[in-house]
Amino acid sequence: MDQSFTVTTTADHPERLRSVGLRVTRPRVAVLDAVHTHPHADTDSIIAAVRVDLPDVSHQAVYDSLRTMTTAGLLRRIQPLGSVARYEARVGDNHHHVVCRSCGAIADADCAVGEAPCLAASDDHGFLIDEAEVIYWGLCPDCRIPSPTSPTTARP
């Protein structure tokens, strides 16, 4: 894993915002905390988490905070095929994701091989590649366990 990814605490959030030139506001700190606490959460889940501490925060304030912090590089927006946008605070290490085809669970997967961009394109078409986005698809452990009412062990 790249050394640029570090674990932060809620107390670090104001300094992280300042470090990228953003004004420290209660909604931004709350959104950053929610994304750290709930990696790969969708916007509705983030809004619900933020409203625990800031019950009157608007949807727009959360959307604006997510967009601003994603643009500033504090958050990463991912959107696996067929899923709503999700956000994570693990940035700067070019990690990938594994997604369950059945329930949609998402987990981090470290770089496949070597250093970023992890994969060498067979033809880069002249691009200077600095990142590879890989999504591994399959079934999570919970979805592989057969239910008492189902004779199958996995859903297609």
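Here the structure is shown first, and the text comes after it.
Read on for a plain summary of the structure.

Reading guide: rules and limits
- Residues numbered from 1 in each chain as written.
- Predicted model: local features only at pLDDT ≥ 70, side-chain atom pairs only at ≥ 80, totals over all residues.
- Heavy atoms only, no water.
- Helix = DSSP H or I, 4+ residues; strand = E, 2+ residues; numbered from the N terminus.
- Buried < 20%, exposed > 50% of the residue type's maximum accessible area, 1.4 Å probe, protein only.
- Contact = heavy atoms within 4.5 Å.
- Pairing = 2+ DSSP bridges.
- Axes fitted to C-alpha atoms, helices over the stretch in contact; angles between N-to-C directions.
- Salt bridge = Lys/Arg side-chain N within 4 Å of Asp/Glu carboxyl O.

Attention shifts here to the environment of T43. By secondary structure assignment, the location of T43 is in helix α3 (residues 43-53). The exposure class assigned to T43 is buried, which follows from its relative accessible area of 11%. Setting aside anything within four residues of it in sequence, one finds T43 in contact with Y63, L66, A85 and Y87.

Reading across the sheet, the three strands line up as β5-β4-β6 and stay open at both edges, with mixed pairing between neighbours. Edge positions in the sheet fall to β5 (106-109) and β6 (135-138), since each has one partner strand and no second. Each neighbouring strand pair of the sheet contributes to a mean axis angle of 25°, computed without reference to strand direction. Here strand β4 (residues 96-100) runs beside β5; their pairing, made up of four bridges, is antiparallel. Directly across from H96, in β5, lies its bridge partner A109.

Let's shift gears to the pattern of salt bridges. Scanning all chains against the criterion turns up five salt bridges. In this structure, R90 and D93 form a salt bridge, with 2.5 Å as the shortest nitrogen-oxygen distance. Across this residue pair, the class does not change: R90 and D93 are buried. The partner of R90 in a salt bridge is D110, and the shortest N-O contact between them spans 2.3 Å. Of the two residues, R90 is situated in the loop between β3 (86-88) and β4 and D110 in the loop between β5 and β6; the sequence distance between them amounts to 20 residues. The exposure class of R90 is buried, given its relative accessible area of 11%.

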